[in-house]
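A look at the structure
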Amino acid sequence: MHDHPWVCMVMHMVQVAVAGASGYAGAEVCRLLLGHPDVTVGALTAGSSAGSALGEHAPHLLPLADRVLGPTDAETLAGADVVVLALPHGASGPLAAELGDGVLVVDAAADHRLVDPAAWEAFYGSDHAGTWPYALPELLLAGGGRQRDALVGARRLAVPGCYPTACVLALAPGMAAGVCEPEDVVVVAASGTSGAGRAAKVGMLGAEVMGSMSPYGVGGVHRHTPEVEQGLSQAAGRPVTVSFTPTLAPMPRGILATATAHAAPGATASAVRAAWEDAYADEPFVHLLPPGRWPRTKDVAGSNAVHLQVALDERVGRVVAVAAVDNLVKGTAGAAVQGMNLALGLPESTGLPLVGLAP
Ligand SMILES: NC(=O)C1=CN([C@@H]2O[C@H](COP(=O)(O)OP(=O)(O)OC[C@H]3O[C@@H](n4cnc5c(N)ncnc54)[C@H](OP(=O)(O)O)[C@@H]3O)[C@@H](O)[C@H]2O)C=CC1
Ligand SMILES: CC(=O)N[C@@H](CCC(=O)OP(=O)(O)O)C(=O)O
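What you are looking at is a predicted structure, and each value in this text was computed from that prediction instead of being measured.

Every residue close to ligand 2 is listed here: Ala109, Ala110, Gly161, Cys162, Ser191, Gly195, Ala196, Pro246 and Leu248. Grouping the amino acids of the shell around ligand 2 by side-chain chemistry returns 6 nonpolar, 3 polar and no charged.

Here is the structure:
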């Protein structure tokens, strides 16, 4: 299919190592890899959990329950064809440099997503590690083409953030088609608590989050703001400004993003609908719902699907787009596997579930 040296690898089973396998994202990568027909699971590593069995942390991963987690270092990860890094931000750059150019490194953390070092420094407060191809294949690029083309044959991949995946896919069609204005985009998105990782935090205790919703990172300070702006700007071909407000929702997984943008002068409801239909008609994972049906997080739980709907609020002249994703699948682990498939020359959908878990 693709004329690239990686393609020969698919003749054999691909060995994939996972760093951070005891965490939510790493364990979800393992779950998907267990259902992937072309993959064997290689070394699994952790931080303070190294030396313990994966089953102590992720008992649902029965076939891997007895695997002992190794330390997260280049020596332990050596020998794999692919290394997925599901580590806290900041850890990926130095480790990837030690892994060498021959291995495909898929980074689930934020370290290599942003193109603009100044944006990284402003929102993350550390030195920028560099920019890797952004693993959002469905992203429409201004002037034609999709981000997918940058992923085929790549050896380094930056997995998009969970909120940015939902927000960017929600509005990119309107930006690319010119039916949405780039200024004053507003996004309010709710996330399940697994988005915060499993490290203990008081605010994540059941007693704190159950039966309640609360915003955080309000006022343009959340670190996903520049990533959402970056993706939408790439679709629009000019700078897009976004007010982004994340919200914590009392559910284990899922993101529901509601994004609104000024409609371009003369944009009609049918032109808006056509932009979204055209954008995603051939995308295996991005599903524009029939008119009148709206996305629900339950419908995408456990799957790599994105459910979308769009409407024109003619009274105020704004386009309203809503997207639902599973933060741990299309928002992280599924995107990692989808990007891996593309980089290796495998069919893009291999090993990725399209069916959700509702009710
Ligand atoms: N959760 C989500 O929805 C999403 C997560 N991501 C990203 O994925 C990455 C992992 O997130 P998540 O799984 O949620 O986090 P968790 O806290 O659940 O897991 C973190 C993992 O990293 C390991 N770890 C922590 N510190 C170190 C260290 N110093 N050296 C080596 N290993 C370490 C942990 O091991 P140990 O068990 O020993 O502590 C654990 O395996 C993050 O960058 C996150 O932003 C991206 C998109 C969505
Ligand atoms: C609910 C919650 O806390 N969500 C996290 C985002 C999820 C995440 O892990 O961020 P990345 O996708 O950039 O890795 C947050 O707001 O920081």
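What follows covers the domain arrangement of the protein. According to the domain assignment, the protein contains domain 1 (5–160 + 330–344) and domain 2 (163–327). Spacing between the C-alpha centres of domain 1 and domain 2 amounts to 24 Å. On the domain 2 side, the residues contacting the 23 residues of domain 1 number 31 residues. Of all the elements in the fold, those that place two or more residues in the side of domain 1 that touches domain 2 are α5 (117–124) and α11 (329–344). It is α11 that contributes the most residues to the side of domain 1 that touches domain 2, 6 residues altogether. Its residues assigned to classes, the side of domain 1 that touches domain 2 shows 14 nonpolar, 6 polar and 3 charged.

A few words on the pairing of strand β9 (residues 242–248). By the alternation rule, side chains of β9 split into Val242, Phe244, Pro246 and Leu248, which are all buried, and Ser243, Thr245 and Thr247, of which none is buried. Here strand β7 (residues 185–191) runs beside β9; their pairing, made up of 7 bridges, is parallel. Paired with Val186 across the strands is Ser243, a residue of β9. Pairing of strand β8 (residues 214–215) with β9 involves 2 bridges; the strand directions are antiparallel.

Rules used in this analysis
Residues numbered from 1 in each chain as written. Chains lettered and ligands numbered in written order. Predicted model: local features only at pLDDT ≥ 70, side-chain atom pairs only at ≥ 80, totals over all residues. Near = placed C-beta within 6 Å. Nonpolar A, V, L, I, M, F, W, Y, C, P; charged D, E, K, R; others polar. Domains from an automatic or database assignment. Contact = placed C-beta atoms within 7 Å. Helix = DSSP H or I, 4+ residues; strand = E, 2+ residues; numbered from the N terminus. Buried ≥ 20, exposed ≤ 12 C-beta atoms within 10 Å, placed from the backbone. Pairing = 2+ DSSP bridges.

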